[in-house]
Amino acid sequence: MPSTCVVTGGAGFIGCAISRGLADRFDEVIALDNLHPQVHPQRQRPAALDPRVELVVGDVTDAAAWDALLDRHTPQVIIHLAAETGTGQSLTEASRHGLVNVVGTTQMLDALVRHEQRPQRILLASSRAVYGEGAWTDPAGAVHYPGQRSRAMLGAAQWDFAGLTPAPHDARTVHPAPTSVYAATKLAQEHLVSAWCLAMGVRPVLYRLQNVYGPGQSPTNSYTGIVTLFARLAPVGRGHPGL
Ligand SMILES: NC(=O)c1ccc[n+]([C@@H]2O[C@H](COP(=O)([O-])OP(=O)(O)OC[C@H]3O[C@@H](n4cnc5c(N)ncnc54)[C@H](O)[C@@H]3O)[C@@H](O)[C@H]2O)c1
C-alpha cells in the first residue's frame, strides 16, 4: 500500500510551504482545498504547490467530497489546515467560521468512520489565539487571567490590565481563554481531534502556531499575514496598517 498524506487546506500558505517536503516523504500527497476566493482570488492551483501533489478541489464541510477522496485513498497521515482564519472577521461572520472550522473537522472524522479508516496520526494546525490574553501576574507574583479587554477599555485605548503584567506563555501552564470566535473554533478543533483520536487509537498532534510568515504568503488577504503587512509597510515608514 502506498504511503499517503492528505492535507486539508493544502493549497494555502502553509500547505504550499510544506508540500515539497511531504512529496519527498510520501508516495502520494493529496491536497483537499476549496480554493477559497479570499485566499485564491484567481481560483487557480498555486505555483508554490509542489507539482507532485494532487490537488482535489473540494470543501471540508462537504461529506460527499470526503467520501470521494477516501474511496480512492487511505491516508496514514492527515494534516488538517483548512480553516476560516479571519480573527476580526470571525466576530461578524461567526457561522462561517463555526461551519468550516468546527463542522469541517467533524465531517472529516465522520468520513473516516464511514470508510473504516484510522490514520496513524492527525496533525492539527491550531493557533496561539486560543490563549487569548493569557496569564498576567500581580506585583506579588500571583497569576491572573484577566480575560478580555472590554469595549470601554478599547475605546479608551487602555491595553493593559490595571496592576498586572503580562506573563510569558508556556503551553504547560497557561490555560486557553479565547477572545475571538476564530480562537474559540480553533480550541474546539483541538478538543474534537483529541477526543476522537484518543478514542479511536489515532495519534493526535496539535500545534498552536504563532504568526507564521514567509515566501508565498498571500499579500492580498488582509485577514491574515500581519507580519507580511508590517514588512511591506516598514520600508515606507509606516509601522502599522492603520497609521
Ligand atoms: N499562518 C499563520 O500565521 C497561522 C497561525 C496560527 C494558526 N494557523 C492555522 O494554520 C492553518 C493554515 O493556515 P494558512 O496560513 O496556510 O492559511 P491559508 O488561508 O493560506 O490557507 C488555508 C487554506 O484552506 C483552504 N480552505 C479554506 N476553507 C476551506 C474549506 N471549507 N474547505 C477546503 N479548504 C478550505 C483555503 O483555500 C486555503 O488554501 C489554519 O488552520 C490556520 O488557522 C495559521
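Before any of the text, the structure's been laid out above.
Residues numbered from 1 in each chain as written. Predicted model: local features only at pLDDT ≥ 70, side-chain atom pairs only at ≥ 80, totals over all residues. Heavy atoms only, no water.

> Residues and numbers for the overall build of the protein chain, please.
Counting its regular elements, the protein chain contains seven helices and nine strands. Radius of gyration (C-alpha) of the protein chain: 19 Å, near the 18 Å computed for a compact globule of 243 residues. If you line up the protein chain on its principal axes, its C-alpha atoms span 60 × 45 × 30 Å. Sorting the 243 residues of the protein chain into buried and exposed places 41% on the buried side. Within the protein chain, residue pairs in contact and separated by at least 24 positions form 70% of the contacts whose partners lie at least 6 positions apart. As displayed, the protein chain has an accessible area near 12800 Å², and 57% of this comes from carbon and sulfur atoms. Positive and negative charge centroids in the protein chain, built from 19 and 19 side chains respectively, lie 6 Å apart. (Helix = DSSP H or I, 4+ residues; strand = E, 2+ residues; numbered from the N terminus. Rg over C-alpha atoms; globule rule 2.2 N^0.38 Å. Buried < 20%, exposed > 50% of the residue type's maximum accessible area, 1.4 Å probe, protein only. Contact = heavy atoms within 4.5 Å. Areas by Shrake-Rupley, 256 points an atom, 1.4 Å probe, with all protein chains shown as cover. Lys, Arg positive; Asp, Glu negative; His and termini not counted. Charge placed at Lys NZ, Arg CZ, Asp CG, Glu CD.)

> Explain the site of the ligand to me, using residue names and the numbers behind them.
The environment of the ligand is formed by 28 residues, the closest being Asp 33, His 40, Leu 81, Tyr 182 and Val 212. At 2.6 Å from an oxygen atom of the ligand is found a side-chain nitrogen or oxygen belonging to Asp 33. A distance of 2.9 Å is found between an oxygen atom of the ligand and a backbone nitrogen or oxygen belonging to His 36. Contact with the protein chains removes 95% of the 830 Å² of surface that the ligand exposes when unbound. Secondary-structure elements contributing two or more residues to the shell around the ligand are α1 (13–25), β5 (121–127) and α6 (181–200). Grouping the constituent residues of the shell around the ligand by class yields 14 nonpolar, eleven polar and three charged. (Near = heavy atom within 4 Å. Polar contact = N/O pair within 3.5 Å; in protein donor to acceptor, adjacent residues only side chain to side chain. Nonpolar A, V, L, I, M, F, W, Y, C, P; charged D, E, K, R; others polar.)

> Give me the lowdown on the nonpolar core, citing residues and values where you can.
Membership of the largest hydrophobic core comes to 21 residues, with the highest contact counts inside it found for Trp 66, Met 108, Leu 112, Ile 122 and Trp 196. Going through the elements one at a time, β2 (28–33), α2 (63–72), α4 (94–114), β5 and α6 are the ones with two or more residues in this core. A per-element tally of this core places α4 first, with five residues. Excluding residues that lie within four positions of it along the chain, Trp 196 makes contacts with Leu 109, Leu 112, Val 113, Gln 117, Arg 118, Ile 122 and Val 202. Grouped together as the second largest cluster of nonpolar side chains are 18 residues, Ala 11, Leu 22, Val 77 and Leu 123 included. (Core = buried A, V, L, I, M, F, W, Y, C linked by side-chain atoms within 4.5 Å.)

> Report on the pattern of salt bridges, specifying residues and quantitative values.
In the structure shown here, the tally under the stated rule is nine salt bridges. When the shortest N-O distance is used, the salt bridge between Asp 67 and Arg 114 registers 3.0 Å. Of this pair, Asp 67 sits in helix α2 while Arg 114 is found in helix α4, placing the two residues 47 residues apart along the sequence. With relative accessibility at 23%, the residue Asp 67 sits in the partly exposed group. One salt-bridge network, in which partners are shared between bridges, spans Asp 24, Asp 50 and Arg 52. (Salt bridge = Lys/Arg side-chain N within 4 Å of Asp/Glu carboxyl O.)

> Got a sec to walk through the side chain of Ser 90? Specific residues and values, please.
Position of Ser 90 relative to the elements: it lies in helix α3 (residues 89–92). Since its relative accessible area comes to 0%, Ser 90 is described here as buried. Excluding anything up to four places from it in sequence, Ser 90 contacts His 97, Ser 180, Val 181 and Tyr 182.

> Go over the packing of aromatic side chains, please, and point to the residues and values.
For the coordinates displayed, the defined rule picks out one aromatic pair. Ring centres of Trp 136 and Phe 161 lie 4.9 Å apart, and the angle between their planes is 90 degrees; this geometry places the pair in the edge-to-face category. With Trp 136 in strand β6 (residues 136–137) and Phe 161 in the loop between α5 (151–155) and β8 (165–166), the pair connects residues that are 25 residues apart, well separated along the chain. Here Trp 136 and Phe 161 have matching classes, each one buried. (Phe/Tyr/Trp six-rings, centres within 6.5 Å; stacked < 30°, edge-to-face > 60°.)

> Help me get a handle on the sheet that holds β5, residues and values and all.
Note: strands within a sheet are paired through backbone hydrogen bonds, in either parallel or antiparallel orientation. Here six strands make up an open sheet; going across it, the order is β3-β2-β1-β4-β5-β9 and the pairing parallel. One side of each edge strand has no neighbouring strand; the edge strands of this open sheet are β3 (54–57) and β9 (203–209). Strand-to-strand twist across the sheet, computed as the mean angle between neighbouring axes with direction ignored, equals 20 degrees. Note: strand β1 (residues 4–8) against β2, five bridges, orientation parallel. The residue bridging Val 6 from the neighbouring strand is Ile 30, located in β2. Contacting β1, β4 (77–80) and β5, α4 runs over the sheet at an angle of about 165 degrees to β4. Across the face of the sheet, α6 comes into contact with β4, β5 and β9 while running at roughly 160 degrees to β5. (Pairing = 2+ DSSP bridges. Axes fitted to C-alpha atoms, helices over the stretch in contact; angles between N-to-C directions.)

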